[in-house]
Amino acid sequence: MAAKQPPPLMKKHSQTDLVSRLKTRKILGVGGEDDDGEVHRSKISQVLGNEIKFAVREPLGLRVWQLVSAVMFSGVAIMALAFPDQLYDAVFDEESASSKTPIRLYGGALLSIALIMWNALYTAEKAIIRWSLLAEACYFSVQFLVTTVSLVESSRIATGAVLLLVSRVLFILISIYYYYQVGRRPKKV
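## So, the overall build of the chain
Regarding its fold elements, the chain presents seven helices and zero strands. Each helix and strand of the chain, placed in order from N terminus to C terminus, yields the pattern α-α-α-α-α-α-α. A burial count over the chain gives 26% of its 189 residues as buried. Taking all contacts inside the chain whose residues are at least 6 apart in sequence as the whole, residues at least 24 apart take part in 63%. Here the chain has roughly 13,800 Å² of accessible surface; of this, 65% comes from carbon and sulfur atoms.

Have a look at this one:
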């Protein structure tokens, strides 16, 4: 007598059964929106968190601007530290009557800001990028005000100083633009 084979089991293919899939996802608590408006695709991403919301969607040209800023701050800092008289002469078209110490201190401060700019260039954290852009915009604003007051007090208009003022306004606008672009919330897809 031959052993009788049992009939094959009928399995329900839950992956093709839409109602079953929706019920399973509802029981697991995935697929719906959470408090932040995030839609989790799995329980693991819901528990561990979604790294996409921490990633910065970088505006076009941000890293180029950060590189240009870091190089510019470093170059002016080295020039102020090594050649303070030439830097003063290039901006104000006159010989420096005072000591070189204030210009060298200015170079040291610029070198510190340059280090921040170099570090911000290599980070992906939104907060660090925004703070570095804000620091840059504040620096350019203060430099614009100080240079303007110095020109008004001396009642002389030097070509280098006017070019410095125009470039500072442009740099302020670029830094503020990127500051707000990095801080924007990404659009929901």
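Moving on from the coordinates now.
## A look at the nonpolar core
By size, the foremost hydrophobic cluster in this structure holds 17 residues, and its most contacted members are L62, F73, L133 and F140. Contributing elements (two or more residues each) for this core: α3 (62-82), α5 (101-121), α6 (126-154) and α7 (159-183). Aside from chain neighbours lying at most four places away, what touches L62 is I129, L133, Y178 and V182.

## Overview of the packing of aromatic side chains
All chains considered together, the criterion is met by seven aromatic pairs. Among the aromatic residues, those joined into a cluster by ring pairs are W65, F73, Y139, F140 and F171. The ring of Y179 has R130 sitting right over it, with the charged end atom 4.0 Å from the ring centre.

## Digging into the pattern of salt bridges
What the rule picks out here adds up to two salt bridges. Here E58 ties to R63 by a salt bridge, and the two come within 2.7 Å at their closest N and O atoms. You can call E58 partly exposed: its relative accessible area is 38%.

## Section: the packing of α6 against α7
Look at α6 against α7: their axes get within 9 Å of each other, and the N-to-C directions meet at 155 degrees. Taken together, the axes of α6 and α7 are roughly antiparallel relative to one another. Read as a crossing pair, α6 and α7 show a hand that is left-handed. Taken together, the residues of the contact of α6 with α7 sort by class into 17 nonpolar, six polar and four charged.

## Focus on the confidence of the model for the chain
Taken as a whole, the chain shows an average pLDDT of 80; of its residues, 68% reach a score of 70 or greater. Mean pLDDT across the elements of the chain bottoms out in helix α2 (residues 43-48) (58) and peaks in α3 (94).

## Description of the packing of α5 against α6
For the pair α5 and α6, the least separation of the axes is 9 Å and the interaxial angle reads 150 degrees. Accordingly, the angle class assigned to the pair α5 and α6 is roughly antiparallel. Judged by the sense of rotation from one axis to the other, the crossing of α5 with α6 is left-handed. Contacts from Y106, L110, I113, I116, M117 and A120 in α5 reach I128, I129, S132, E136, Y139 and Q143 in α6. The residue inventory of the contact of α5 with α6, partitioned by class, reads nine nonpolar, two polar and one charged.

## Observations concerning a nonpolar patch on the surface
On the surface, I157, V162 and V166 cluster together into a nonpolar patch covering about 300 Å² of accessible area. Mapped onto the fold, I157 is located in the loop between α6 and α7. Overall, the relative accessible area of 74% leaves I157 in the exposed class.

## Some words on the side chain of R168
Relative to the helices and strands, R168 is located in helix α7. Although R168 is buried, it forms no salt bridge, and the closest oppositely charged side chain is E136 at an N-O distance of 8.4 Å. Apart from the residues lying within four places of it in its own chain, the contact partners of R168 are M72, F140, Q143 and F144.

Analysis parameters
Residues numbered from 1 in each chain as written. Predicted model: local features only at pLDDT ≥ 70, side-chain atom pairs only at ≥ 80, totals over all residues. Heavy atoms only, no water. Helix = DSSP H or I, 4+ residues; strand = E, 2+ residues; numbered from the N terminus. Buried < 20%, exposed > 50% of the residue type's maximum accessible area, 1.4 Å probe, protein only. Contact = heavy atoms within 4.5 Å. Areas by Shrake-Rupley, 256 points an atom, 1.4 Å probe, with all protein chains shown as cover. Core = buried A, V, L, I, M, F, W, Y, C linked by side-chain atoms within 4.5 Å. Phe/Tyr/Trp six-rings, centres within 6.5 Å; stacked < 30°, edge-to-face > 60°. Lys NZ or Arg CZ within 6 Å of the ring centre and 35° of its normal. Salt bridge = Lys/Arg side-chain N within 4 Å of Asp/Glu carboxyl O. Axes fitted to C-alpha atoms, helices over the stretch in contact; angles between N-to-C directions. Parallel < 35°, antiparallel > 145°, perpendicular 65-115°, else oblique. Left-handed = near helix turned anticlockwise from the far one by under 90°. Nonpolar A, V, L, I, M, F, W, Y, C, P; charged D, E, K, R; others polar. pLDDT = per-residue confidence, 0-100. Patch = residues over 30% accessible without salt bridge, like charges linked within 9 Å, V, L, I, M, F, W, Y side chains within 5 Å. Lys, Arg positive; Asp, Glu negative; His and termini not counted.

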